[in-house]
Protein chains: 2
Amino acid sequence: MIQRTKLAAAVTIGMLALAGIALADTRSEIEARGNQWTERFGAQDAAGIAALYTEDAQMLPPQSGPVTGRTAIQQYWQDAMGEGGQSVKFEVLEVHGTGDLVAEVGGYVVRGAGGQELDRGKYIVLWKKSGGEWQLFRDIWNSSLVPDPAPAQ
Amino acid sequence: MIQRTKLAAAVTIGMLALAGIALADTRSEIEARGNQWTERFGAQDAAGIAALYTEDAQMLPPQSGPVTGRTAIQQYWQDAMGEGGQSVKFEVLEVHGTGDLVAEVGGYVVRGAGGQELDRGKYIVLWKKSGGEWQLFRDIWNSSLVPDPAPAQ
């Protein structure tokens, strides 16, 4: 009985360890995808950003209704780039969940051409694994600044 | 071999059906918790609202830094109530994920004493199962209005 309990404990610890490794892998994969996002923003490549979202993705931007689907998402970021944002930096704070859907909690900073800070805030992204790659599925954020900077559209 | 394939298919369908039932149950449990939230807001019971969050919960409100822990969360809603909001209504749009952490996507409307709309927007809440009950663990939202109504604090 003790042996069985020990075995069960070992299996449980093993599963938790595997889950921990899986989550660490997921986190670094998501960080890499976030880096792609910021590179594409820096290159003013709105279509490239939209391609990082699932086909059925939905963004929930401040001062706007929901923005649904890649075409609308591309247009949203195209408009946002027209407002002077030259770089976006993300800080991944937390990654929660397992399986094919995880939630990321993070912070962002937007800077203009001269490096001046235009906005800073926080976000939650729900990521979905699609075709072996993590893609943004739901994306909500808000500004920490008062007043909230003008909306992108 | 065909039998084994059929069995595997039946098991898979059965597991998906169970997961579907579990998610439907989770959704109705989360809707019930959301109703408690709105009832307590209607009763101007900020401590009661804070008790619906995990001890280590974090809110990410617009035009504010993160608000961490029940004491700060209670203060935040106390201040928000002081700004004239008399009722909050939630609409649960989606519940994603399984296990002890799920993500809810929804919409909200805040009304004043005369029933006038003060704010409307959308949110993502990460819910955590703690002591058998779903509690708010991470909570982010933003206003759909332009300009964003004044922050609560």
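Residues numbered from 1 in each chain as written. Chains lettered and ligands numbered in written order. Predicted model: local features only at pLDDT ≥ 70, side-chain atom pairs only at ≥ 80, totals over all residues. Heavy atoms only, no water.

(A) Structural detail: helix H3 (residues 70-81) of chain B. Residues and elements named next belong to chain B. Across its 12 residues, H3 extends 16 Å between first and last C-alpha, which sits within 8% of the 16 Å expected from 1.5 Å per residue. Of all the positions in H3, only Ile73, Tyr76, Trp77, Ala80 and Met81 are classed as buried. Buried residues of H3 fall within an arc of 135 degrees about the axis and therefore sit on the same side. (Helix = DSSP H or I, 4+ residues; strand = E, 2+ residues; numbered from the N terminus. Expected span 1.5 Å × (residues − 1). Buried < 20%, exposed > 50% of the residue type's maximum accessible area, 1.4 Å probe, protein only. Arc of directions from axis to C-beta.)

(B) Fine view of the relation of the copies chain A and chain B. You can overlay chain A on chain B at an RMSD of 0.0 Å; the transform is a turn of 180 degrees with a shift of 0.0 Å along its axis. On this basis, the relationship between the two copies can be described by a two-fold rotation axis. For chain A, the minimum C-alpha distance to the rotation axis belongs to Asn142(A) and amounts to 3.0 Å. Here 100% of the interface residues in chain A have copies in chain B that are interface residues too; the copies meet face to matching face. (Least-squares fit on C-alpha atoms with pLDDT ≥ 70 in both. Contact = heavy atoms within 4.5 Å.)

(C) Molecular detail of the pairing of strand E5 (residues 117-130) of chain A. Residues and elements named next belong to chain A. Bridging between strand E4 (residues 101-111) and E5 involves 11 bridges; their strand directions are antiparallel. Its bridge partner being in E5, Val110 is matched across the sheet by Asp119. Taking the residues between adjacent antiparallel strands as the criterion, E4 and E5 are bridged by 5 residues, where Gly115 takes a positive phi near 85 degrees. Linkage of E5 to strand E6 (residues 133-143), two consecutive antiparallel strands, is achieved through a turn of 2 residues, within which Gly131 is found at a positive phi near 60 degrees. (Pairing = 2+ DSSP bridges.)

(D) Summary view of the sheet that holds strand E1 (residues 53-60) of chain A. Pairing is mixed across the open sheet formed by 6 strands, whose spatial order is E2-E1-E6-E5-E4-E3 (chain A). Looking at which strands have only one partner, the edges of the open sheet turn out to be strand E2 (67-68) and strand E3 (87-96) of chain A.

(E) Structural view of the pairing of strand E6 (residues 133-143) of chain B. All names here are of chain B. Among the 11 residues of E6, 10 are classified as buried, and the element is accordingly described as predominantly covered. Where strand E1 (residues 53-60) and E6 come together, 4 bridges link them in parallel fashion. The residue of E6 that forms the bridge with Tyr53 is Leu136. One ladder, built from 10 bridges, connects strand E5 (residues 117-130) with E6; its direction is antiparallel. Bridge pairing links Val125 to Asp139 in E6.

(F) Highlighting the sheet that holds strand E4 (residues 101-111) of chain B. Residues and elements named next belong to chain B. Taken together, 6 strands build an open sheet; the order of strands is E2-E1-E6-E5-E4-E3 and the sheet is mixed. Taken across any chain shown, the strands that pair with only one partner, and hence form the sheet edges, are strand E2 (67-68) and strand E3 (87-96). Contacts between H3 and the sheet are confined to E1, E2 and E6, with E1 contributing the most and set at about 50 degrees to the helix. (Axes fitted to C-alpha atoms, helices over the stretch in contact; angles between N-to-C directions.)

(G) Inspection of unusual backbone geometry at higher detail. Cis geometry is adopted by the peptide bond preceding Pro147(A), which originates at Val146(A) and carries an omega value of -5 degrees. The backbone of Gln63(A) shows a phi angle near 55 degrees, a positive value even though the residue is not glycine. Mapped onto the secondary structure, Gln63(A) falls in the loop between E1 and E2. For Gln63(A), a relative accessible area of 5% translates into the label buried. Residue Gln44(B) is not a glycine yet carries a positive backbone phi of 55 degrees. Relative to the assigned elements, Gln44(B) resides in the loop between helix H1 (2-42) and helix H2 (46-50).

(H) Highlighting the pattern of salt bridges. Applying the stated criterion to the full structure yields 12 salt bridges over all chains. In this structure, Arg33(A) engages Glu133(A) in a salt bridge whose closest nitrogen and oxygen atoms are separated by 3.6 Å. Of the two residues, Arg33(A) is situated in helix H1 (residues 2-42) and Glu133(A) in strand E6; the sequence distance between them amounts to 100 residues. Glu31(B) is the partner of Arg27(B) in a salt bridge, and the nearest nitrogen-oxygen pair spans 3.6 Å. Taken together, the residues span about one helical turn, with Arg27(B) and Glu31(B) both in helix H1 at a distance of 4 residues. For Arg27(B), a relative accessible area of 29% gives the class partly exposed. Residue class for Glu31(B) comes out partly exposed when judged on its relative accessible area of 33%. (Salt bridge = Lys/Arg side-chain N within 4 Å of Asp/Glu carboxyl O.)

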